[in-house]
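Remarks on the overall topology
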Amino acid sequence: MFSRPLVPALCITIIGILIGHNILTNVNLPVFLFPLIILLCLGIVFIIPFKSPIVWLMAIFMLIGINTQISRHTLPELPQIILKNERVIIEGTVYRPPKIQFNTASFRIHGEKIFFAKKVRRVKINLLIKIYGYRGDLKVGDRIRFPAKLKKFKNFNNPGNFDYRSYMKSQTISLVAIVTDGQYVVPMGKGNLGFAGSILEKIRGPLRQLFHERLSKATGPIYTALILGERQGLTSNLREPFNRSGVSHIMAVSGLHLGLVAWLFFVSAKWLLSLSYRVTLMTDIRKLAATITTVPVIAYALLTGLHISTQRAMVMVLVFLWSFIIGREKDVWSSLSLAALIILTLNGNALFTISFQLSFVAVAGILWLAPLIFSRIAKFKKDKEFFNKGQTLHSILTYTLGLIAVTTSATIMTIPLIAHHFHRFSMVALPANLTVVPIIGLWVIPLGLLSCIALLLSPALAGFFLSLGEFGLNLAISIVQFWSDIPWSSIWVIQPNWLEIVLLYGVLFLSLNFTRSRFYRILLVFVLVVFFIDIGWWVYKTHCNSNLRVTILDAGSGNVSFIQFPGKEKMLITNNAFAQNGFNLGRIVVAPYLWHEKIQRIDHLFLSSPQAHRTENLQFMINNFHPKDVFFSLSTERVIKGVKIQTGNAKEIMLDYQGWSFHFYERQVQIENKNKEVGKEWPKFFIITKETKKQHSSFPALNIHQTGALTITIDPEGNLNLKSFLKKNLIRDKVITGNKY
């Protein structure tokens, strides 16, 4: 079991991270406590002889995982400013190019000073600044001063929704600063990017200008993302064909890009070294080529801005290169585990990021599945004479089959994670990757990097190489467009939970090892039984429901409620949810919740006004959930499984069931029990979905932004139960009687 000790060490570290994240995340312990315990354990291991020191070493790795999750409070005065909603003056340096949409710009800045309450505080904090009415031409490295309100990042607190707050935390961005008018942003001269940042910007600035001047609007943002790692110019229209065809990963610098760069330089360096007979005799040219390759890998990572995801990819590639250098290239699982351990030790929260999960699962899939596919190919090649008809043909076919094996392995292994995070599956992902990735990796990126080097010699030469690369990029875009235009090239899918993901991987692993031992066969049967029980549970919950369930979603300024009638019929009630332009609430908030609940179809859709029916944002919901009827008023009362439905004035819809009535208004939901018991008062209470400055009521009220999604369940006997997404200890009687909850 411990022939590869780094593998169990990684597993134990992950367990430690999960324990710290789910149990100890709010425990305020001294920062030095866990490092002190780790050092103490290490001392015990090396001082006192043990027959089995591996147990202590595994305990140390678990403590390392826990240590990454212990809360460390910084900037104690800033939360008071946020709570008071005070306007402060902020000074900082822009360190990322702006993302401009319509008349609004988003920047990332290194905050340096905050002026508040006649005080000046020097800080080191990264901020996301949103400037409305942006009129300037700010560049990376500019120092600016501006008045703003600091706010915490907010999530839509519904099951299945994207955790935006944790994502920004993984990007080391602490707060968002809102500037109401761009005219108040004052340039303060040259800012401080640090020594390394200043040098990198001197290199990246001219390259950014070269790409802007020489490339078209269609290719410029994509090439900039590939070479400089800057994705600000990628609009939704540019990204959508890549999303539909399953190749969107090529637009974010990751392990694929760094791996291709490493492979190109390794093969080139090895070939050049092999030309020297003396060098070949004196040294192992593979090890020397791997050592040389580390330089362009690090250079490319620095050129792309060394973003968090790029840092992880660089660590992974460098670990594999050093495995060649020290002669451990065959122990690929230890190399992969070491790369993951380094990343998680430096930042345990990386475990919960999409890029980390997809990168390591894809590589693990290649290491595990690709050899199995290669072995099948080897048997196939022995039986086919045309594989041996010529060296050139043999090399081309071997390369093609190898590419198919690697792409298939990575695609199969990442399907469950892509479905979980993106609720989407591309039916053409395999052929699209096979046709697009070679062009990007062997044509577009090499010529783009060559143009960067050539810019030092001649702008004209750099432009020539960039034009050749753009030709290849246009070809890749055309192929992507071809695959994305195929009907049903991409489908939206329900979200598998983590248990189901583990079961899917378990079924795959045990199926491929079915013939190895009787234990694997028994375990496969057990996993399949659990999997079918899970399917049965969801079928029962969505189609054989005996209660009325009303779920009020946290939808920001919108009002969205999902109704599950007794039986299998479902209805969505919306108010101010589907505006014509701007934020797509249906796609980003409502649909992910429905997919999380394994809902693929709704029967009825209520709109607050007939104008909402014409919006593109609503059309997404209609196309993907296929409601039987869409209505904004009812001429007569409708009854579904004992639930009475009627519409009123002021964009109101009402439900009655077992003595309970629900009134869905524009800003709140009113709930009341009309069948009052003898000697007991059941007052009505409110669910506030949109706060206003003047909002007073003598009745109890819950704020949906504080509770998160709220599910009210009424059984056939008329008993009511509450379940909150955020407040797990919500007690029904305390809520409806007005006591504290």
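Residues numbered from 1 in each chain as written. Predicted model: local features only at pLDDT ≥ 70, side-chain atom pairs only at ≥ 80, totals over all residues. Heavy atoms only, no water.

1. Focus: the overall build of the protein chain
- Across its full length, the protein chain holds 23 helices and 23 strands.
- Residue burial in the protein chain is summarised as follows: out of 741 residues, 47% are buried.
- Counted over contacts in the protein chain with a minimum sequence separation of 6, partners at least 24 positions apart contribute 66%.
- For the protein chain, the exposed surface amounts to about 38,500 Å²; the carbon and sulfur share of it is 63%. (Helix = DSSP H or I, 4+ residues; strand = E, 2+ residues; numbered from the N terminus. Buried < 20%, exposed > 50% of the residue type's maximum accessible area, 1.4 Å probe, protein only. Contact = heavy atoms within 4.5 Å. Areas by Shrake-Rupley, 256 points an atom, 1.4 Å probe, with all protein chains shown as cover.)

2. Some words on the packing of helix α12 (residues 308-325) against helix α13 (residues 332-346)
- With their axes 9 Å apart at the nearest point, α12 and α13 run at an angle of 145° to one another. Classified by chirality, the crossing of α13 by α12 is right-handed. Contacts between α12 and α13 involve R312, V315, M316, V319, F320 and S323 from the former and V332, S335, L336, L338, A339, I342 and I343 from the latter.
- A class-by-class count of the residues in the contact of α12 with α13 yields ten nonpolar, two polar and one charged. (Axes fitted to C-alpha atoms, helices over the stretch in contact; angles between N-to-C directions. Left-handed = near helix turned anticlockwise from the far one by under 90°. Nonpolar A, V, L, I, M, F, W, Y, C, P; charged D, E, K, R; others polar.)

3. Topic: the sheet that holds strand β12 (residues 570-575)
- One open sheet accounts for seven strands, arranged β14-β13-β12-β11-β10-β22-β23; its pairing is mixed. Edge positions in the sheet fall to β14 (629-631) and β23 (720-724), since each of these pairs with one other strand and no more. Pairs of neighbouring strands in the sheet enclose a mean axial angle of 15°, with direction left out of account.
- In the sheet, β12 pairs with strand β13 (residues 604-606) via three bridges, with the strands oriented parallel. (Pairing = 2+ DSSP bridges.)

4. Thoughts on empty space enclosed by the protein
- What the rule picks out here adds up to one cavity of 30 Å³ or more.
- Considering only enclosed or pocket space, the largest cavity measures out at about 40 Å³ in volume.
- Taken together, N559, I573, T574, N575, F606, K651, I653, F664 and Y665 make up the lining of the largest cavity.
- Partitioning the lining of the largest cavity into residue classes produces five nonpolar, three polar and one charged. (1 Å grid on protein atoms, 1.4 Å probe; cavity = no way out; pocket = protein on both sides within 12 Å on 5 of 7 lines; lining within 4 Å. Points joined across faces, edges and corners; volume = space filled by probe spheres on them.)

5. Quick notes on the layout of surface pockets
- Reported here for the second largest pocket is a volume of approximately 670 Å³.
- In this structure, the second largest pocket is lined by 27 residues; those nearest its centre are V493, I494, Q495, K598 and Q600.
- Taken together, the elements giving at least two residues each to the lining of the second largest pocket come down to α15 (391-422), α18 (498-512) and α19 (518-543).
- Ranked by residue count, the leading element in the lining of the second largest pocket is α19, at seven residues.
- Across the lining of the second largest pocket, the residue classes tally to 16 nonpolar, four polar and seven charged.

6. Quick notes on the sheet that holds strand β19 (residues 668-673)
- Read from one edge of the open sheet, seven strands run β15-β16-β17-β18-β19-β20-β21, paired in mixed fashion. Looking along the sheet, the strands with just one partner apiece sit at the ends: β15 (638-640) and β21 (701-703). Going across the sheet, the axis of each strand differs from the next one's by a mean of 20°, ignoring polarity.
- As defined by bridge partners, strand β16 (residues 643-647) adjoins strand β17 (residues 653-657) across four bridges and the pair is classed as antiparallel. Among the inter-strand pairings, T647 is bridged to a residue of β17, identified as I653.

7. Quick look at the packing of aromatic side chains
- With the rule as written, the count across this model stands at 21 aromatic pairs.
- When the centroid spacing of 5.6 Å and the interplanar angle of 50° are considered together, the rings of F266 and F324 count as tilted. Note that F266 is positioned in helix α9 (residues 255-274) and F324 in helix α12, a separation of 58 residues in sequence.
- On the basis of relative accessible area, F324 is assigned to the partly exposed category, the value being 25%.
- A connected cluster of aromatic rings, assembled from ring pairs, spans W368, F509, F519 and Y520.
- The cationic tip of K598 hangs over the ring face of W538; the distance from NZ or CZ to the ring centre is 4.2 Å.
- The positively charged end of R638 is found above the aromatic ring belonging to F631, 5.3 Å away from the centroid. (Phe/Tyr/Trp six-rings, centres within 6.5 Å; stacked < 30°, edge-to-face > 60°. Lys NZ or Arg CZ within 6 Å of the ring centre and 35° of its normal.)

8. A closer look at the pattern of salt bridges
- For the coordinates displayed, the defined rule picks out 13 salt bridges.
- Among the salt bridges present, the one from D137 reaches K139, with a minimum N-O distance of 3.1 Å.
- E500 is the salt-bridge partner of K598, the closest N and O atoms lying 3.4 Å from each other. In this pair, K598 is assigned in the loop between α20 (585-596) and β13 and E500 in helix α18, connecting sequence segments 98 residues apart. The two residues K598 and E500 agree in class, both being buried.
- Taken together, the shared-partner salt bridges in this structure form one network comprising E91, E112, R143 and R145. (Salt bridge = Lys/Arg side-chain N within 4 Å of Asp/Glu carboxyl O.)

9. Quick word on the side chain of N126
- Turning to its location among the elements, N126 is positioned in strand β4 (residues 119-132).
- Overall, the relative accessible area of 17% leaves N126 in the buried class.
- Within the structure, the side chain of N126 is placed 2.7 Å from the side chain of H110, a separation counted as a polar contact.
- Among the polar contacts made by the side chain of N126, one reaches the main-chain carbonyl oxygen of T172 at a distance of 3.1 Å. (Polar contact = N/O pair within 3.5 Å; in protein donor to acceptor, adjacent residues only side chain to side chain.)

10. Here we look at the pairing of strand β20 (residues 685-688)
- Going residue by residue along β20, you find F685 and I687 tucked away on one face and F686 and I688 tucked away on the opposite face as well.
- Where β19 and β20 come together, four bridges link them in antiparallel fashion. Of the residues in β20, the one forming a bridge with Q670 is F686.
- Here β20 pairs with β21 via three bridges, running parallel. Of the residues in β21, the one forming a bridge with F686 is A701.

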